[in-house]
Amino acid sequence: MKVRIDSGRCQGHGRCYDLAPEVFGEDDEGYGQVRGDGDVAPVDERAARLAVSNCPERAIDIL
Ligand code: F3S
């Protein structure tokens, strides 16, 4: 599983990195960023899917 944040849609709500801190981080302005190249370890997939479904802007895509 791999994820990507669309920086054009992200408004910095921060739910992604609150719900799945192993998968997402934040930049200096609070916008979400994927950690590394966006590959999600199997152990983190559940949290990543939760983040996807909780992003108010639908800014996170599963590739
Ligand atoms: Fe952005 Fe959605 Fe996360 S708006 S900071 S990708 S919860």
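Above this text you will find the structure in question.
Summary of the structure given here. Owing to the predicted nature of the structure, the values given are computational and were not obtained by experimental measurement. (Residues numbered from 1 in each chain as written. Predicted model: local features only at pLDDT ≥ 70, side-chain atom pairs only at ≥ 80, totals over all residues. Heavy atoms only, no water.)

1. Thoughts on the environment of Val-34
Part 1 of the reasoning: Positionally, Val-34 belongs in strand β3 (residues 32–34).
Part 2 of the reasoning: Owing to a relative accessible area of 25%, Val-34 belongs among the partly exposed residues under this scheme.
Part 3 of the reasoning: The spatial distance from the C-alpha of Val-34 to the C-alpha of Lys-2 is 9.6 Å, given a sequence separation of 32 residues.
Part 4 of the reasoning: Apart from residues lying up to four places away in sequence, Val-34 is in contact with Val-3, Arg-4, Ile-5, Val-23 and Phe-24. (Helix = DSSP H or I, 4+ residues; strand = E, 2+ residues; numbered from the N terminus. Buried < 20%, exposed > 50% of the residue type's maximum accessible area, 1.4 Å probe, protein only. Contact = heavy atoms within 4.5 Å.)

2. Here's the deal with helix α2 (residues 45–54)
Part 1 of the reasoning: Here α2 has its buried residues at Ala-48, Ala-51 and Val-52. One face of α2 carries all of its buried residues, which in axial projection span an arc of 100°.
Part 2 of the reasoning: Packed against the buried residues of α2 are α1 (15–19), β2 (24–26) and β4 (60–62). (Arc of directions from axis to C-beta.)

3. Description of the pattern of salt bridges
Part 1 of the reasoning: Summed over the entire model, instances satisfying the criterion amount to four salt bridges.
Part 2 of the reasoning: A salt bridge links Arg-9 to Asp-6, with the nearest nitrogen and oxygen atoms 3.0 Å apart.
Part 3 of the reasoning: Owing to a relative accessible area of 27%, Asp-6 belongs among the partly exposed residues under this scheme.
Part 4 of the reasoning: The partner of Arg-9 in a salt bridge is Asp-61, and the shortest N-O contact between them spans 3.4 Å. Residue Arg-9 is found in the loop between β1 (3–5) and α1, and its partner Asp-61 is found in strand β4; the two are separated by 52 residues along the sequence.
Part 5 of the reasoning: In this structure Arg-9 comes out as partly exposed when scored by relative accessible area, which is 32%.
Part 6 of the reasoning: Taking relative accessible area as the criterion, Asp-61 reaches 23% and is therefore assigned partly exposed.
Part 7 of the reasoning: A cluster of three or more residues bridged by salt bridges with shared partners is formed by Arg-4, Asp-6, Arg-9 and Asp-61. (Salt bridge = Lys/Arg side-chain N within 4 Å of Asp/Glu carboxyl O.)

These figures come from the coordinates and say nothing about function on their own.
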